[in-house]
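Take a look at the letters that make up each chain.
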Amino acid sequence: MTDQATADLWPVPPLGGPGGGRAAGRTGERTEAARRLLLAAVDSFARRGYHATTTRDIATAAGMSPAALYIHYPSKAALLSEISRTGHQATLDLVERAEAGSSDPVEQMRRLVEDFTTWHARGHTVGRIVNHELHALPDEDFAVVAELRRRIEETVRRIIDAGVASGAFAVPDVRTAARAATSLGIDVSRWYSERSTETPEELGRRYGVLVLRMLGATV
């Protein structure tokens, strides 16, 4: 079953909302059929892996015929690209909100790590796909996702740079520290499940303290 955070990436379209095919804009513009296909693709990719999943698997899980899938998505790769782009955009949004929410690098990093970790725990199903199926993306779609990943890392590095400049952080290499901080959160999607003893929020708070200590902050 798809976790709630994954389902939240593609809300149920409102009655009377836009119809027809794949939406080009915000997630709320997708039709219910396109949403069902995305959720079915997440479940199928998570269980079988991208390469072992067929379009028939996805369509059947969505309660549709294989032919109906192509009305909304031209290929299995298009579904993977949409999942990956949406997941990375959601991650970038929360990272940028953390930076904008305070002028204090310590508080920025605390919120960033808490939210980043919580998202990867709550949305662990889609998190595994967007971080471990990158090699399967078509070149053009990979370039889009790579730019989102660059912006995420750039934001984290900017916060750490500011913390080093203010004396709040002490790290030998900012790039390595930024990658270590995000890697901790990303790895949560690999092992977290509904059977985990910690809630996503509890884990986020603990990782927030852990990363601040790793950066040399006083917490």
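It should be noted that the structure appears before, not after, this text.
All figures in this text were calculated on a predicted structure; none of them were measured in a lab.

K.L.:
Hey, could you run me through the overall build of the protein in this one?
P.N.:
A tally of helices and strands in the protein yields 10 helices and zero strands. Secondary structure of the protein in N-to-C order comes out as α-α-α-α-α-α-α-α-α-α. The buried share among the 219 residues of the protein stands at 49%. For the protein, long-range pairs separated by at least 24 residues make up 67% of all intrachain contacts whose partners lie at least 6 apart in sequence.

K.L.:
Got a minute to help me understand helix α7 (residues 124–132) in this structure?
P.N.:
One turn of an α-helix holds 3.6 residues; hence residues three or four places apart share an orientation. α7 sits mainly inside the fold: seven of its nine residues count as buried. When we look at burial in α7, the residues that qualify are H124, T125, V126, G127, I129, V130 and N131.

K.L.:
How should the packing of aromatic side chains be read in this particular structure?
P.N.:
Both the distance between ring centres and the angle between the ring planes are used here to describe each pair of aromatic rings. The full count for this structure, using the stated rule, is two aromatic pairs. Geometrically, the ring pair formed by W191 and Y192 is tilted, given 5.9 Å between the ring centres and 55 degrees between the ring planes. Residue Y192 is classed as buried on the basis of its relative accessible area of 8%. For the cation-ring pair, K76 lies above Y50, with the distance from its terminal atom to the ring centre recorded as 4.3 Å.

K.L.:
I tried to follow the layout of surface pockets on my own but got confused; where do I start?
P.N.:
The volume enclosed by the second largest pocket comes to roughly 240 Å³. In terms of lining residues, the second largest pocket is bounded by 17 residues, among which F116, R149, I152, T182 and I186 are the most central. Every element with two or more residues in the lining of the second largest pocket is listed here: α5 (76–100), α6 (105–122), α7, α8 (139–166) and α9 (174–191). Tallying contributions element by element places α9 first for the lining of the second largest pocket, with five residues. Tallied by class, residues from the lining of the second largest pocket come to six nonpolar, seven polar and four charged.

K.L.:
What's the story with the nonpolar core in this structure? I'm lost.
P.N.:
If you look at soluble globular proteins, the nonpolar side chains tend to sit buried side by side. Judged by nonpolar contacts, the single largest core of 63 residues is most densely connected at I83, M109 and I160. When residues of this core are assigned to their parent elements, the largest contribution, 10 residues, is made by α5. Those residues within four positions of I160 in sequence are excluded, and the remaining contacts are M109, F169, V171, V174, A177, A178 and L215.

K.L.:
What is the right way to read the pattern of salt bridges from this model?
P.N.:
Pairing is possible between side chains of opposite charge, provided their charged atoms come close. Applying the stated criterion across every chain, the model contains 13 salt bridges. Between R48 and D57 there is a salt bridge, with its nearest N and O atoms 3.8 Å apart. Residue R48 is classed as partly exposed on the basis of its relative accessible area of 40%. Here R151 ties to E96 by a salt bridge, and the two come within 3.3 Å at their closest N and O atoms. With R151 in helix α8 and E96 in helix α5, this pair connects stretches of sequence that are 55 residues apart. Looking at E96, the relative accessible area reads 29%, which means it is partly exposed. Shared partners join several salt bridges into a network, and the residues in it are E99, E147, R150, E154 and R158.

Here is what the cut-offs are and how they apply
- Residues numbered from 1 in each chain as written.
- Predicted model: local features only at pLDDT ≥ 70, side-chain atom pairs only at ≥ 80, totals over all residues.
- Heavy atoms only, no water.
- Helix = DSSP H or I, 4+ residues; strand = E, 2+ residues; numbered from the N terminus.
- Buried < 20%, exposed > 50% of the residue type's maximum accessible area, 1.4 Å probe, protein only.
- Contact = heavy atoms within 4.5 Å.
- Phe/Tyr/Trp six-rings, centres within 6.5 Å; stacked < 30°, edge-to-face > 60°.
- Lys NZ or Arg CZ within 6 Å of the ring centre and 35° of its normal.
- 1 Å grid on protein atoms, 1.4 Å probe; cavity = no way out; pocket = protein on both sides within 12 Å on 5 of 7 lines; lining within 4 Å.
- Points joined across faces, edges and corners; volume = space filled by probe spheres on them.
- Nonpolar A, V, L, I, M, F, W, Y, C, P; charged D, E, K, R; others polar.
- Core = buried A, V, L, I, M, F, W, Y, C linked by side-chain atoms within 4.5 Å.
- Salt bridge = Lys/Arg side-chain N within 4 Å of Asp/Glu carboxyl O.

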